[in-house]
Amino acid sequence: MRNTRSGALLLGAALVVGAATGCGGDAAPVLGPTASTRAMAAHLRALADSVDPRVVPYVNRRRIAGMRTTPVRTPGERITMRGMIAQEQLRAGLLAEADSSLAELRRMAGVYADLVGPEFDVTVRELEAIGAFRRGVVANCLPPGTSARCRVPTLPDDVPPPEADAFEEALSRYLELARLEPDNLNHRWLLNVTAMLLGRWPDAVPEALRLPAESPMFRSPTDVGVFVDVAHEAGVDVLGLAGGSVLDDLDGDGDLDLMASSRGLLDPLRLLLNRGDGTFEDATERAGLQGLVGGLNLVQADYDNDGDVDVLVLRGAWMPRGFPNSLLRNEGGGFFTDATRQAGIFSEHPTQTAVWADFDGDGWLDLVIGNESTPGAGRHPVEVYRNLGDGTFQDVAGAVGIAADGFVKAVVAGDYDGDGRPDLYVSRLREPNVLLRNVPGTEGAPWRFVDVTDEAGVAGPNDSFPAWFFDFDQDGREDLFVSGYFALPADLAAEALGRAHEAVVPALYRNRGDGTFEDVAARAGLDRVLYTMGSNFGDLDNDGWLDVYAGTGDPDPRTIMPSRMFRNVHGTFEEVTASGGFGFLHKGHGVSFGDVDDDGDQDLYVVLGGAYEGDVARNVLLVNPGHGGHWLRLHLEGRRANRAGVGARIRVDVEEGGRVRSIHRVLGSGGSFGASPLRVEVGLGRAERVVRVEVRWPGSGTLDVIEGVAVDAAYRIVEGSGRATPLPLHPVDLGRSVDPGER
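Residues numbered from 1 in each chain as written. Predicted model: local features only at pLDDT ≥ 70, side-chain atom pairs only at ≥ 80, totals over all residues. Heavy atoms only, no water.

Participant: Teacher, can you tell me more about the domain arrangement of the protein chain here?
Facilitator: Many analyses report the size of an interface as the accessible area lost when the parts associate. The domain boundaries assigned to the protein chain delineate domain 1 (35–209) and domain 2 (632–726). Relative placement of domain 1 and domain 2: their C-alpha centres are 48 Å apart. (Domains from an automatic or database assignment.)

Written out as structure tokens, the structure is:
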């Protein structure tokens, strides 16, 4: 028998008596991880130790050690091995050693000139150039508080890098490459970018090689104000590799906290608790998370309906073998225990995507995990788990008829047909994507998935990565964004020049309301070169229209691309990367929108860093400068629906200039790579008043209609109550100056 709501899980609570109950008062004692957490930590350590560097391309120092012991007999083999070691040293961040290896490679090629091909010189020049560029990044953009030095375009108030020698060398090398191969747009792009970082663009670039300053990438049509990075001052500038982010109230005190991961096999998971004064404290140990390492993505949910935010850590993506995920049950106050085995969802697959939704409408959030099937890793099917309401899950993948295996990079849920049942979209790399309609189950099946991809017209793009449902045109129907995942720096140069390119651009599927979609990416201005990984949507300027942030890149050190931001102007998008200062060149991963400083507009937290060991970066916290728009925040509490209200459909009717308009939202964490808070933050633009708020609760179908709600305020709405209870606000100055000892 399934438990009732009054039976919300308390298992493990006895283990954490005295754990943190918030940031106020005396610091809570450090109790250490629970037994299940220690067991998972030991397993993760053993898996990390057992990784074979011959088949895993991301353990670069181990690979170098193996290469040094590999027998080489002929001069040709020695040249090849030296080149491989040099490349691996670049990936590992051993930049001085890479320079020495490249110099030795040139010496060897001089002696055995007949053994090297015609492309040898250009290849070595490219490695020398990116090595110099990376040295410039390490010197100028990795010290605390310096991430903004590696963004393009630079802003008028930006100062030149204090350690410019390496960037100057890179500029010289890219200029040589561009002159050697004037038609190579990769060289041209990197030449222009390096000149920008030095503050010498466009003058340092010959006119024939310059990219046009009027490109929307470099000159925004609208000034949205600079979103200043205060991560260092706030204490959240975690240094790491690619990873995920959750921005939510993780200790139950009303403030937004952060959890951030880094994909390195032994990189720690971090919990950063909001002190409520504009700064954060690292509470990882106090939270019982020691030893929980790795994880490329995070996604949160209150899966046990106890009012605390739980977190799922996803591991193993891009790897030739599987790793276990971690279901972190929040015991209250931000203390977590690894409940993966107890919940019945332990498995070992390569993944970085999952979605929580109440697929059977019973008031408990179910779980779908998308795994990566590749020739190297073998078959890893999509997992579907039904929440049994007692802290455990049932594997129902076979029963619900899911047929979407492949190189899955995103699974996202949305009720595209408005029938009250969340449907599922699966984004896959190198094959068509899949839309699965959720229909009532037959005997033995809690629900069924029916493939409607062809009739809906949403199979593309064929190489895709992140995805999400959102109502970009505010017509009350959920549309679908799917970003492409194939591009080179040359494609960005081609876009800037107005030329054809070979990148896979996103699809923006507008919901027609009849079960079909229309790709309007070109008409809406989103048919851009977006080599997107981490990404999400939010409302930059509180106008009620949802904007898009795309973090970009791939593991290759030469893939130097800015993250890009697009402002939604009544259903079409204009690029505001330049005016907002969003063009970070570090690889972009987990993206979270949320009102961190409690002032009514959405800030951003972005996890930066790549896949290879040396491609580390510091995460950024970008403060919204404010745009004067009104706003409304709603915290939902389900009774028959799931406790957090995930999947609730909200309509806010406002009066603006004597006319009433409707603003539509669906409660969730946003896109597939980065998690925003499980609350509704709605920009109201210039509205004078809120006419009414309607909440359609998921699963139960309960409708709450509420009047008398003020603008610029926060409320709690309990399912079925028909009223909104005001919540206090505590605006803070994010990143106020603190004594280092206080942190």
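Participant: Would you explain helix α7 (residues 185–197) in this entry?
Facilitator: Think of an α-helix as 3.6 residues a turn; residues three or four steps apart then line up on the same face. Look at α7: 18 Å from first C-alpha to last across 13 residues, which is about the 18 Å you get at 1.5 Å a residue. Every buried residue of α7 is listed here: Leu185, His187, Arg188, Trp189, Leu190, Leu191, Asn192, Val193, Thr194, Ala195, Met196 and Leu197. Here the buried face of α7 lies against α5 (120–141), α6 (165–180) and α12 (489–497). The distance from a side-chain oxygen at the start of α7 to the backbone nitrogen of Asn186 is 2.9 Å, and the residue carrying that oxygen is Asn184. Positive backbone phi, at 75°, marks Gly199, one or two positions downstream of α7. (Helix = DSSP H or I, 4+ residues; strand = E, 2+ residues; numbered from the N terminus. Expected span 1.5 Å × (residues − 1). Buried < 20%, exposed > 50% of the residue type's maximum accessible area, 1.4 Å probe, protein only. Contact = heavy atoms within 4.5 Å. Polar contact = N/O pair within 3.5 Å; in protein donor to acceptor, adjacent residues only side chain to side chain.)

Participant: How should I be thinking about the pattern of salt bridges in this particular structure?
Facilitator: A side chain of one charge can pair with a side chain of the opposite charge when the charged atoms of the two come close. The full count for this structure, using the stated rule, is 51 salt bridges. In this structure, Arg270 and Asp282 form a salt bridge, with 3.7 Å as the shortest nitrogen-oxygen distance. Placement of Arg270 in strand β5 (residues 270–274) and of Asp282 in strand β6 (residues 280–282) is noted, with a sequence separation of 12 residues between them. Of the residues examined, Asp282 reaches a relative accessible area of 43% and is grouped as partly exposed. (Salt bridge = Lys/Arg side-chain N within 4 Å of Asp/Glu carboxyl O.)

Participant: Help me understand the sheet that holds strand β3 (residues 245–248) in this model?
Facilitator: Working definition: the strands of a sheet are paired by backbone hydrogen bonds and lie parallel or antiparallel to each other. Strand order in this open sheet of 4 strands is β3-β4-β5-β6, and the pairing throughout is antiparallel. One side of each edge strand has no neighbouring strand; the edge strands of this open sheet are β3 and β6. Taken over all neighbouring pairs, the strand axes of this sheet differ in orientation by 20° on average, direction set aside. Judged from the 4 bridges that link them, β3 and strand β4 (residues 257–260) form a sheet pairing that is antiparallel. When the sheet's bridge partners are listed, Leu247 is paired in β4 with Leu258. (Pairing = 2+ DSSP bridges. Axes fitted to C-alpha atoms, helices over the stretch in contact; angles between N-to-C directions.)

Participant: Is there a simple way to explain the sheet that holds strand β17 (residues 408–414) in this structure?
Facilitator: The 4 strands lie next to each other as β17-β18-β19-β20, forming an open sheet whose pairing is antiparallel. The open sheet is flanked by β17 and β20 (447–451), the only strands paired with a single partner. On average, adjacent strands in this sheet sit at an angle of 25° to one another, irrespective of strand direction. As defined by bridge partners, β17 adjoins strand β18 (residues 423–428) across 6 bridges and the pair is classed as antiparallel. Considered in β18, the bridge of Val412 is made with Tyr425.

Participant: Just checking my understanding: could you explain the packing of aromatic side chains for this structure?
Facilitator: Each aromatic ring pair is described using two quantities: the centre-to-centre distance and the angle formed by the ring planes. Per the stated rule, a full pass over the model turns up 25 aromatic pairs. Arranged with centres 5.6 Å apart and planes meeting at 35°, the rings of Tyr58 and Tyr612 form a pair that is tilted. Taken as a pair, Tyr58 in the loop between α1 (35–50) and α2 (60–68) and Tyr612 in the loop between β30 (603–608) and β31 (617–618) lie far apart in primary sequence, 554 residues in all. Ring centres 5.0 Å apart and planes at 90° place the aromatic pair Phe465 and Tyr485 in the edge-to-face group. Of this pair, Phe465 sits in strand β21 (residues 464–470) while Tyr485 sits in the loop between β22 (479–484) and α12, and the two are 20 residues apart along the sequence. The buried category is assigned to Phe465, whose relative accessible area is 2%. Every member of this aromatic cluster is reached through a ring pair, and the members are Trp318, Phe407, Phe465, Tyr485, Tyr531 and Phe673. In this arrangement the basic side chain of Arg321 is found over the ring face of Phe323, its NZ or CZ atom lying 5.5 Å from the centre. The lysine or arginine in question, Arg341, covers the ring of Phe346, its NZ or CZ lying 3.7 Å from the ring centre. (Phe/Tyr/Trp six-rings, centres within 6.5 Å; stacked < 30°, edge-to-face > 60°. Lys NZ or Arg CZ within 6 Å of the ring centre and 35° of its normal.)

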